[in-house]
Amino acid sequence: DNFHRSGFMCTGCDKLLLKKLDQPCPECGGTSSAVEDVVDLAISTVLRLGGEVEVVGNNPQLEQAGNIGAILRY
């Protein structure tokens, strides 16, 4: 809750990044563009694709891992 972070998004494939790419995107060859909040974009992308988002509070292990995580089924 209330976790925000600026970052970058690939202009070609919409991949979200914490750091600007110094070279073309390895997925599509696109470039990176600054975004105000990659967390908000990640949440909206998950919801748009039918995934679930759960807000977890007061979890030291999650904080140590960067405050965000994912369980992937593939």
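Residues numbered from 1 in each chain as written. Predicted model: local features only at pLDDT ≥ 70, side-chain atom pairs only at ≥ 80, totals over all residues. Heavy atoms only, no water.

J.: How do you make sense of the sheet that holds strand β1 (residues 7–10) when you look at a structure like this?
T.: Within a sheet, each strand pairs with its neighbour through backbone hydrogen bonds, oriented either parallel or antiparallel. Pairing within the open sheet is antiparallel, and its three strands lie in the order β2-β1-β3. With one partner strand each, in any of the chains shown, β2 (16–17) and β3 (32–35) form the two edges of the open sheet. Direction of pairing for β1 relative to β2: antiparallel, over a ladder of two bridges. By the bridge assignment for β2, M9 is matched with L16. (Pairing = 2+ DSSP bridges. Helix = DSSP H or I, 4+ residues; strand = E, 2+ residues; numbered from the N terminus.)

J.: So what exactly am I meant to see when it comes to the pattern of salt bridges here?
T.: Opposite charge on two side chains lets them pair, provided their charged atoms get close. In the structure shown here, the tally under the stated rule is one salt bridge. Among the salt bridges present, the one from E27 reaches K15, with a minimum N-O distance of 3.7 Å. With E27 in the loop between β2 and β3 and K15 in the loop between β1 and β2, this residue pair connects regions lying 12 residues apart in the sequence. When its relative accessible area of 57% is taken as the criterion, E27 is described as exposed. Judged by relative accessible area, which is 33%, K15 ranks as partly exposed. (Salt bridge = Lys/Arg side-chain N within 4 Å of Asp/Glu carboxyl O. Buried < 20%, exposed > 50% of the residue type's maximum accessible area, 1.4 Å probe, protein only.)

J.: Honestly, helix α1 (residues 38–48) in this entry has me stumped. Any pointers?
T.: Looking at where α1 begins, the residue whose side-chain oxygen comes 3.0 Å from the main-chain nitrogen of V39 is D37. Following α1 by one or two positions, G50 has its phi on the positive side, about 90°. (Polar contact = N/O pair within 3.5 Å; in protein donor to acceptor, adjacent residues only side chain to side chain.)

J.: What is the right way to read the environment of G7 from this model?
T.: Looking at the secondary structure, you find G7 in strand β1. Accessibility expressed as a relative area gives 5% for G7, which makes it buried. With 27 residues separating them in the primary sequence, G7 and A34 have C-alpha atoms 5.9 Å apart. When residues no more than four places from it in sequence are discounted, the contact partners of G7 are L17, L18, S33, A34, V35 and V38. (Contact = heavy atoms within 4.5 Å.)

Honestly, that's just the spatial picture; any functional story needs more than this.
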